[in-house]
Structures are given as structure tokens and as C-alpha cells.
Amino acid sequence: MAGVELSTTKKLVIPVDNVTPKITAQDVNKVIPTDNLGAETTSTMMGRIADRSFNLWFNSDVVQESILGRVVQETQETLKTDVVVPAASKTGTSHKFSFRVEAFQALAKMEYKGWLNAAVNYNARAAETDVQVKERVFSDKDLIVSHKGTSRDSLAMIGLAWQW
């Protein structure tokens, strides 16, 4: 039998891990969607969790400062275009068209500002189109007409928004 002399053994020191990041409840809430629980299928919920996880990882400082992050940012910037048609006279209306394609988020956006404000957004991942038209009706109030459509359903709304 091997004998151990306790008076000559060294104290066991277990190091504290200050390097490995700890997962908090806030981190879990960023990944697990808590809205619409029970109304979705398992595959839809898993897709949302995977999408949120990827977005959280991709938007982290480590990835954004890497070569991959910089390439994605440069690609996103090249997919943005603004076209401005100036007014023919001082009292005329100028028109601005903004086109945005966010390929890594599967989004396409188009905005128009001129006679009125309009926007069309297409989310390829959700197969959803959103159209919105705004018109100033009073000095601080906008009339908003919007339509959101998917392959399953659609929703049309009219609203009045004001600023205070």
C-alpha cells in the first residue's frame, strides 16, 4: 500500500476560470424566442433559434473585426443605391429612391420619398412582403396605409400617427 504523508503534501489549488465566458439568462433570451410560444411548429421554432444564434454570433465583435466580417460589411455597402431626381424648379418636388439588398439577412428594401413616402420590404427568409405608404395630413400627423402579405395570409391596415 502506498502511503501518503499529509504533512509533506502540497495544498490542492483549483484555478478559477476567468477566460471562458459564462452563459447568462440574458444570453439565452437572445437566442430562444419567447414570443408566439406554442403557436409554431417545432421546425419553425428550431429555424428561428438557429437564425437568432447565427445573427448573435455574426454580430459579435470578434466576427465583425475578422476578415469575414469586413467582407460582409463591404458587400452589404455595395448593394445600397440611392437615386435622386432633383426638382425641375424651386417649387417643384424632388424624388429620392433608395434600394437596399441585405443579402446575408435575405432582405430587399425599396423606399421612395417625393410626392409621398412609400416603402416596400421583402423578407425572403419569411416569404413576407410589406408595403407602406405615408402621407402627411396635418402638421404633426401622418396617415399610414400598409399591407403585409405572406403565402398563408395577408393583413391590410390604415393608421394615423402623430409626433409629440
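The text that follows walks through the structure, step by step, so that each part is easy to find. All values reported here derive from a predicted model rather than from experimental measurement. (Residues numbered from 1 in each chain as written. Predicted model: local features only at pLDDT ≥ 70, side-chain atom pairs only at ≥ 80, totals over all residues. Heavy atoms only, no water.)

A few points about the pattern of salt bridges
Applying the stated rule across the entire model yields six salt bridges. Notably, a salt bridge pairs Arg100 with Asp82, separated by 3.1 Å at the nearest N-O pair. Highlighted residues: Arg100 in strand β2 (residues 95-102) and Asp82 in strand β1 (residues 80-85), separated in sequence by 18 residues. (Salt bridge = Lys/Arg side-chain N within 4 Å of Asp/Glu carboxyl O. Helix = DSSP H or I, 4+ residues; strand = E, 2+ residues; numbered from the N terminus.)

Structural notes on helix α2 (residues 42-58)
Compared with the 24 Å implied by 1.5 Å per residue over 17 residues, the 24 Å span of α2 between its first and last C-alpha is a close match. Looking at α2, one finds that the buried residues are Met45, Ile49 and Phe58. Elements that come into contact with the buried residues of α2 comprise α1 (25-31), α3 (61-64) and α4 (67-78). (Expected span 1.5 Å × (residues − 1). Buried < 20%, exposed > 50% of the residue type's maximum accessible area, 1.4 Å probe, protein only. Contact = heavy atoms within 4.5 Å.)

A few points about the sheet that holds strand β5 (residues 128-138)
Strand order in the open sheet formed by seven strands is β1-β2-β3-β4-β5-β6-β7, and the pairing between neighbours is antiparallel. The strands lining the two open edges of the sheet, one partner per strand, are β1 and β7 (154-162). The mean angle between the axes of side-by-side strands here comes to 10°, regardless of whether they run parallel or antiparallel. Sheet topology places β2 next to strand β3 (residues 107-113); seven bridges connect them, and they run antiparallel. Bridge assignment links Phe97 to a residue of β3, and that residue is Tyr112. (Pairing = 2+ DSSP bridges. Axes fitted to C-alpha atoms, helices over the stretch in contact; angles between N-to-C directions.)

Some details on α4
Taking 1.5 Å per residue, twelve residues should reach 16 Å; α4 reaches 17 Å between its end C-alpha atoms and fits that length. Within α4, burial applies to Gly69, Val72 and Gln76. Along the axis of α4, the buried positions cluster into a sector of 65°, meaning they face one direction only. Within α4, the exposed residues directed more than 90 degrees away from the buried face are Ile67, Glu74 and Thr78. Each element contacted by the buried residues of α4 is listed here: α2, α3, β1 and β2. (Arc of directions from axis to C-beta.)

Some words on the environment of Glu102
Summarising the element assignment, Glu102 is placed in strand β2. Accessibility expressed as a relative area gives 16% for Glu102, which makes it buried. Those residues within four positions of Glu102 in sequence are excluded, and the remaining contacts are Gln76, Leu107 and Lys109.

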